[in-house]
Amino acid sequence: MNRILVIGATGTVGREVVSQLHGRGAEVRALARNPDAAHFPAQVEVMRGDLTRPETLDPCLDGIETVFLVWTAPPAAVSAALERIVRHARRIVFLSSPRKTPHPLFQQPNPLRELHARIERLIEDSGREWTILRPGMFAANALTWWAPQIRAGDVVRWPYLAAPTAPIHERDIAAVGVRALCEDHHGGAEYVLTGPQSLTQAEQVATIASVIGRSLRIEEMSPDESRRELLAIMPMPAINMLLNAWAAATGQPAWVTSTVAEVTGARPRTFHDWATGHAADFRA
Ligand SMILES: NC(=O)c1ccc[n+]([C@@H]2O[C@H](COP(=O)([O-])OP(=O)(O)OC[C@H]3O[C@@H](n4cnc5c(N)ncnc54)[C@H](OP(=O)(O)O)[C@@H]3O)[C@@H](O)[C@H]2O)c1
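Just so you know, these numbers come straight off a predicted model, no measurement behind them. (Residues numbered from 1 in each chain as written. Predicted model: local features only at pLDDT ≥ 70, side-chain atom pairs only at ≥ 80, totals over all residues. Heavy atoms only, no water.)

## As for the overall build of the protein
Step number 1: Helix and strand content of the protein: 13 helices and 11 strands.
Step number 2: Taking the principal axes of its C-alpha atoms as reference, the protein extends roughly 55 × 40 × 35 Å.
Step number 3: For the protein, with 284 residues in total, the buried portion stands at 51%.
Step number 4: Taking contacts inside the protein between residues at least 6 apart in sequence as the whole, the part at least 24 apart equals 75%.
Step number 5: Accessible surface for the protein amounts to roughly 12,400 Å². Of this, 52% is attributable to carbon and sulfur atoms.
Step number 6: Taken as two groups, the 29 positive and 30 negative side-chain charges of the protein have centres that lie 1 Å from each other. (Helix = DSSP H or I, 4+ residues; strand = E, 2+ residues; numbered from the N terminus. Buried < 20%, exposed > 50% of the residue type's maximum accessible area, 1.4 Å probe, protein only. Contact = heavy atoms within 4.5 Å. Areas by Shrake-Rupley, 256 points an atom, 1.4 Å probe, with all protein chains shown as cover. Lys, Arg positive; Asp, Glu negative; His and termini not counted. Charge placed at Lys NZ, Arg CZ, Asp CG, Glu CD.)

Structure, rendered in structure tokens:
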């Protein structure tokens, strides 16, 4: 039996991976720093583990063949945690980023690229079977970026409104991940995953407005204003990473792939689909 450990199980993508694995009857174990707050169905095994405390990982990895890995822990913890993961697992599916894709949105230097490259190297050098998922912008970023403003009033202030991206639904990232976890022909694959449409950020906000039946005013914010005002919702390195990426990407369509459909056989969900499913998050 292929027993699967999901690391990052309580997050945007990991929770979907657990849910889809559970739905297809796979043997899934969710790693959580705080199992009491994890809220999974009773049939899902949840074990306490912390990537920054490597000794907690061994019991979570015991009897596991396959690992789905999301890394948002501090970089200093990478070596010790990866050493344990590759010792136990036969197959690893890692959620990375499209750092090799020749589009300016993905080619700006930033610390996250280096971190992902380092983790990928450790996985690839381990001799284990691996699959790398390289999703572009998550549709779910809208929950952090725009939902607080939309719940509070009728104005959305945001930088680089003309920058296009191809936001991807977390369910589609998870669906590809689940295939790679459960099927035997994804070893060595690097899947660049995007949503089906290139949409400017202004078009994305307008889509949410239309889905929730509200009229929103969208105002361009300068990069300097963004560095001040967005600190309330994300740290400065993330703000700078995004500003650089949007600046470089403005003026050309987003990179769009057909990988979700090729791997899963299903039509990838649109941003409109995503906004419809999350409409309640944007209502006051
Ligand atoms: N957002 C985007 O547009 C985008 C695009 C491409 C790639 N990515 C990549 O996607 C990844 C983030 O995925 P996501 O949004 O699904 O993550 P997320 O929602 O931020 O969730 C992070 C998960 O990691 C867990 N975690 C954090 N620190 C941990 C630790 N020390 N030990 C064990 N677990 C820990 C969290 O668990 P707790 O419940 O314990 O906090 C949570 O389950 C990042 O690598 C990011 O670079 C994001």
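## Some remarks on the site of the ligand
Step number 1: Neighbouring residues of the ligand: 24 residues in total, closest Thr10, Arg33, Asp50, Leu51 and Asn141.
Step number 2: At a separation of 2.4 Å, an oxygen atom of the ligand approaches a polar side-chain atom of threonine 10.
Step number 3: Within the backbone of tryptophan 71, one N or O atom sits 3.2 Å away from an oxygen atom of the ligand.
Step number 4: When the ligand is considered free in solution it has 940 Å² of accessible area, and contact with the protein chains removes 78% of it.
Step number 5: Elements represented by at least two residues in the shell around the ligand include exactly α1 (12-23) and α4 (111-125).
Step number 6: Tallied by class, the residues present in the shell around the ligand amount to 12 nonpolar, 10 polar and two charged. (Near = heavy atom within 4 Å. Polar contact = N/O pair within 3.5 Å; in protein donor to acceptor, adjacent residues only side chain to side chain. Nonpolar A, V, L, I, M, F, W, Y, C, P; charged D, E, K, R; others polar.)

## Considering the pattern of salt bridges
Step number 1: Scanning the entire structure with this criterion turns up 23 salt bridges.
Step number 2: Arginine 91 serves as the salt-bridge partner of aspartate 184, at 2.6 Å between the closest nitrogen and oxygen. A residue pair is termed long-range when its members are at least 10 positions apart, and aspartate 184 in the loop between α7 (170-182) and β9 (190-193) and arginine 91 in strand β5 (residues 91-95) qualify at 93 residues.
Step number 3: Note that arginine 227 and aspartate 224 form a salt bridge whose closest N and O atoms lie 3.2 Å from each other. Within this pair, arginine 227 and its partner aspartate 224 are both found in helix α9 (residues 223-229), separated by three residues, close to a single helical turn. (Salt bridge = Lys/Arg side-chain N within 4 Å of Asp/Glu carboxyl O.)

## Remarks on the sheet that holds strand β6 (residues 129-135)
Whether parallel or antiparallel, the strands of a sheet pair through hydrogen bonds between backbone atoms.
Step number 1: Ordered in space as β3-β2-β1-β4-β5-β6-β9, the seven strands form an open sheet in which the pairing is parallel. On the outer flanks of this sheet lie β3 (45-48) and β9, each paired with one strand and no other. Strand-to-strand twist across the sheet, computed as the mean angle between neighbouring axes with direction ignored, equals 20°.
Step number 2: Sheet strands touched by helix α3 (residues 78-88): β1 (3-7), β4 (66-69) and β5. Its angle to β4, the strand with the most contacts, is close to 150°. (Pairing = 2+ DSSP bridges. Axes fitted to C-alpha atoms, helices over the stretch in contact; angles between N-to-C directions.)

## Regarding the nonpolar core
Note on soluble globular proteins: their nonpolar side chains tend to be buried together.
Step number 1: Core analysis: the largest hydrophobic core is formed by 35 residues, its most contacted members being Trp146, Ile208 and Trp246.
Step number 2: The element that contributes the greatest number of residues to this core is helix α10 (residues 236-249), accounting for six residues.
Step number 3: Contact partners of isoleucine 208, with chain neighbours within four places excluded, come to Ala142, Trp146, Ile150, Phe271, Ala275 and Phe282. (Core = buried A, V, L, I, M, F, W, Y, C linked by side-chain atoms within 4.5 Å.)

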